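A structural walkthrough
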Amino acid sequence: MSLAGMRAVLKAVLQTLSRQVRRLLQLYGVPVTDTQRQTVASALFPHMQRARRKAYQLGVSLLAAQARSAGITPPKPAPMRGYNQSALVTLLENATRVDDPAPTVRVTDHRAATRAGRTVTVTDSAVRDTAPKVSVQVLDPQVGRARKATVEVTERNRFDPKVVKVITDKVDAAAQRHARMPAREAISDTVDRLGAARERALAAAAERNAGAVERNAPAIAERKAQLGERAAQHSSPADEEPAGRRIGWARVLTGAENCGFCAMLASRGPVYKTKKTAKFAGSDRSDIRNPTLYHDHCDCDVVLVVEGRDWPGREQYDELEHLWITSTSGVYGKDAMRAFGKAFTTKSAAGQPDTAPGVGGVGGLPPVDPPAGGGRPASPSGDDEPSWRVPRDEVPADYPEIIGGGKVHFTPEQRPDVESKREHILVGDSSGGGHGDGAGLGKSEFTGWSDQQVMAAVDRTLADPVSVQRLGGTLYFRRLVEGVPVEARVDARKPTPTLRTAYPSWDALKSIKKGKGQVLWGA
């Protein structure tokens, strides 16, 4: 099952649950007592269980499909988490806010207080009114028009259509969150179990290796002396990981209900279960980018991640990580959350897809019209290479120093293979992309350029960039090609040069026009 397919089926499941929620609250009214909440929860519970079971099955199917796509054997899924009726009672309590800590009592002239647009409260520890309060539109007789007023829900008005609608909307949003969770947990819980098993295997292997080293210390020392630096040069992380590649999970945005909070959590990227990174929920709540937090109306998905492989939403993560790093420099905690949220909202409002994407992309036209002429294909460089590849005699010996210090870990001649990302760049794939002319995925496009021109421009940017910048685990190669700002992203952590994506960065033209593009673009 594809991610898009799972979303479509899950949407239908949640719509069925939503109809049941609305039907039950119309039938029973807003529950204002413990007994009434128990009654509504009892009637809703079987519908919730059916929705959760279906969501879990969809999550398991998606897990198996993504595992096969990543080239691994589908793992045995973790069991579905338990769920009981008390969770629905709590949901109803939260939706009607009966846990309001302020002690209140009804006043004699409640109608007058309502007309005045306020709820009268008194501090009295001996008397406590737990009636829910809702904000509804009422007619103000003094001004003759409708306005919002806060009213208490009582036996007299708990079947009022306006009151029922307000509470129903809240209950429905929370119920959909409860029903959606098993689809997410089927992947995250399974991955966490695999991570724990991998940690145990690594620990056992380390213990066996320690014993072998102690027993064979003289022979090992002699062998090391014979090999010298050659052994160190040929060692690899895989030699130190007998349990194989790490398997994790990541939170991705859908593009439908994205908010700054969800985008911030998605910028956290893959979560791997290791000794140093225990499961976030309940153990590391202090991390402001805790990817296991979900809110009502949140439609974020969870996807499987195999270390070293592309995954659905990888490009989205790169873009959000970039935004997180650039927008939160020098600020921390809640200030960082606010700074990121503001930057995300600004980018989203501007319709700039490379910083506010959903899986498959969102956004609009570039903010500045691209040049009509496009770029020129590179000259042929030999029979064994594509005609668009930069000729060898035009490839410099070294890259410029990384902005902020450091060197690129490969040479321009060893640059990433652009051909391997042709489909991703031009038409898009499961991890994003789609920047070719007319791709229609809402991403920034190489408007007016042929496929060959796009490939030539990306290869030229990788071979001879004006600047290279490292942000997180990504190297950004930038260059103006025929007046078009081309940006290519390369994985900074892999020893083998690996291209992630490339696209025209149209928003950079604004900085260039203001004379602020010298460092990054040389203009």
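Preceding this paragraph is the structure being described.
Just so you know, these numbers come straight off a predicted model, no measurement behind them. (Residues numbered from 1 in each chain as written. Predicted model: local features only at pLDDT ≥ 70, side-chain atom pairs only at ≥ 80, totals over all residues. Heavy atoms only, no water.)

One non-glycine residue, H297, adopts positive backbone phi at about 75 degrees. Inspection of the secondary structure assignment puts H297 in the loop between β4 (271–272) and β5 (301–306). Residue class for H297 comes out exposed when judged on its relative accessible area of 55%. Residue E482 is not a glycine yet carries a positive backbone phi of 55 degrees. Mapped onto the fold, E482 is located in the loop between β7 (474–481) and β8 (484–491). Take E482: its relative accessible area is 39%, and that puts it in the partly exposed class. (Helix = DSSP H or I, 4+ residues; strand = E, 2+ residues; numbered from the N terminus. Buried < 20%, exposed > 50% of the residue type's maximum accessible area, 1.4 Å probe, protein only.)

So, about the sheet that holds strand β3 (residues 247–252). The antiparallel open sheet is built from three strands, whose spatial order is β4-β3-β5. The sheet is open, and its two edges are formed by β4 and β5, each paired on a single side. Both β3 and β5 contribute to a ladder of six bridges, which runs antiparallel. Looking at β5, one finds that I247 is bridged to V306. (Pairing = 2+ DSSP bridges.)

The next subject is the side chain of H322. Positionally, H322 belongs in helix α9 (residues 314–327). Here H322 falls in the buried class, since its relative accessible area comes to 16%.

With that settled, the discussion passes to the nonpolar core. Of all hydrophobic cores here, the largest spans 69 residues; its most connected members are L17, L88, V171 and F340. Residues in contact with L17, not counting those within four places in the same chain, are L44, H47, M48, A51, A175, Q176 and A179. The next biggest cluster of nonpolar side chains, apart from the first, holds 32 residues, and it includes W388, Y399, A456 and A457. (Core = buried A, V, L, I, M, F, W, Y, C linked by side-chain atoms within 4.5 Å. Contact = heavy atoms within 4.5 Å.)

Two numbers describe how helix α1 (residues 3–28) lies on helix α2 (residues 34–69): the axes approach to 10 Å, and their chain directions differ by 180 degrees. Here α2 runs roughly antiparallel to α1, going by the angle between their axes. Facing α1, whose interface residues are L3, M6, V9, L10, V13, L17, Q20, V21, R23, L24, L25 and Y28, α2 presents T39, V40, A43, L44, H47, M48, A51, K54, A55, L58 and L62. Partitioned by chemical class, the residues of the contact of α1 with α2 number 18 nonpolar, three polar and two charged. (Axes fitted to C-alpha atoms, helices over the stretch in contact; angles between N-to-C directions. Parallel < 35°, antiparallel > 145°, perpendicular 65-115°, else oblique. Nonpolar A, V, L, I, M, F, W, Y, C, P; charged D, E, K, R; others polar.)

We now examine the pairing of β8. The side chains of a regular strand alternate between both faces of the sheet. For β8, the tally of buried residues reaches eight of eight residues, placing the bulk of the element in the interior. Bridge count for β7 against β8 is eight bridges, and the pairing is antiparallel. If you follow R479 over to β8, its bridge partner there is V486. Here β7 folds back onto β8, and the loop between the two strands holds two residues, one of which, E482, carries a positive phi near 55 degrees. By the bridge criterion, five bridges tie β8 to strand β9 (residues 499–504) in an arrangement that is antiparallel. Paired with A488 across the two strands is A502, which belongs to β9.

Let us now look at the packing of aromatic side chains. Using the criterion set out here, one finds eight aromatic pairs in the structure. Look at Y399 and F410: their rings are 5.7 Å apart centre to centre, the planes differ by 90 degrees, and that puts the pair in the edge-to-face class. A residue pair is termed long-range when its members are at least 10 positions apart, and Y399 in the loop between α10 (333–349) and α11 (422–426) and F410 in the loop between α10 and α11 qualify at eleven residues. The two residues Y399 and F410 agree in class, both being buried. The structure contains a cluster of three or more aromatic residues connected by ring pairs, namely W324, F340 and F344. The positively charged end of R184 is found above the aromatic ring belonging to Y294, 4.0 Å away from the centroid. (Phe/Tyr/Trp six-rings, centres within 6.5 Å; stacked < 30°, edge-to-face > 60°. Lys NZ or Arg CZ within 6 Å of the ring centre and 35° of its normal.)

For the rest of this paragraph, the subject is the packing of α2 against helix α3 (residues 85–96). Their axes nearest at 8 Å, the elements α2 and α3 cross at an angle of 125 degrees. Taken together, the axis directions place α2 and α3 in an arrangement best described as oblique. Like other packed secondary-structure pairs, α2 and α3 cross with a definite hand, here right-handed. Along its contact with α2, which presents D34, R37, Q38, V40, A41, S42, L44, F45 and M48, the element α3 presents Q85, L88, V89, L92, E93 and T96. For the contact of α2 with α3, the per-class residue count stands at eight nonpolar, four polar and three charged. (Left-handed = near helix turned anticlockwise from the far one by under 90°.)

With that settled, consider the sheet that holds β9. By definition, the strands of a sheet pair up through backbone hydrogen bonds, in either a parallel or an antiparallel sense. Read from one edge of the open sheet, four strands run β6-β7-β8-β9, paired in antiparallel fashion. Each edge of the sheet is formed by a strand with only one pairing partner; in this case those strands are β6 (467–471) and β9. For this sheet, the mean inter-axis angle between neighbouring strands, taken without regard to orientation, is 20 degrees. In the packing of helix α12 (residues 451–463) onto the sheet, contacts are made with β7, β8 and β9, and the angle to β7 comes to roughly 115 degrees.

A few words on the environment of P396. Looking at the secondary structure, you find P396 in the loop between α10 and α11. Taking the C-alpha atoms as reference points, P396 and P412, 16 residues apart in sequence, are found 6.6 Å from one another. When residues no more than four places from it in sequence are discounted, the contact partners of P396 are P412, A463 and D464.

All we've got here are geometric facts, nothing functional implied.
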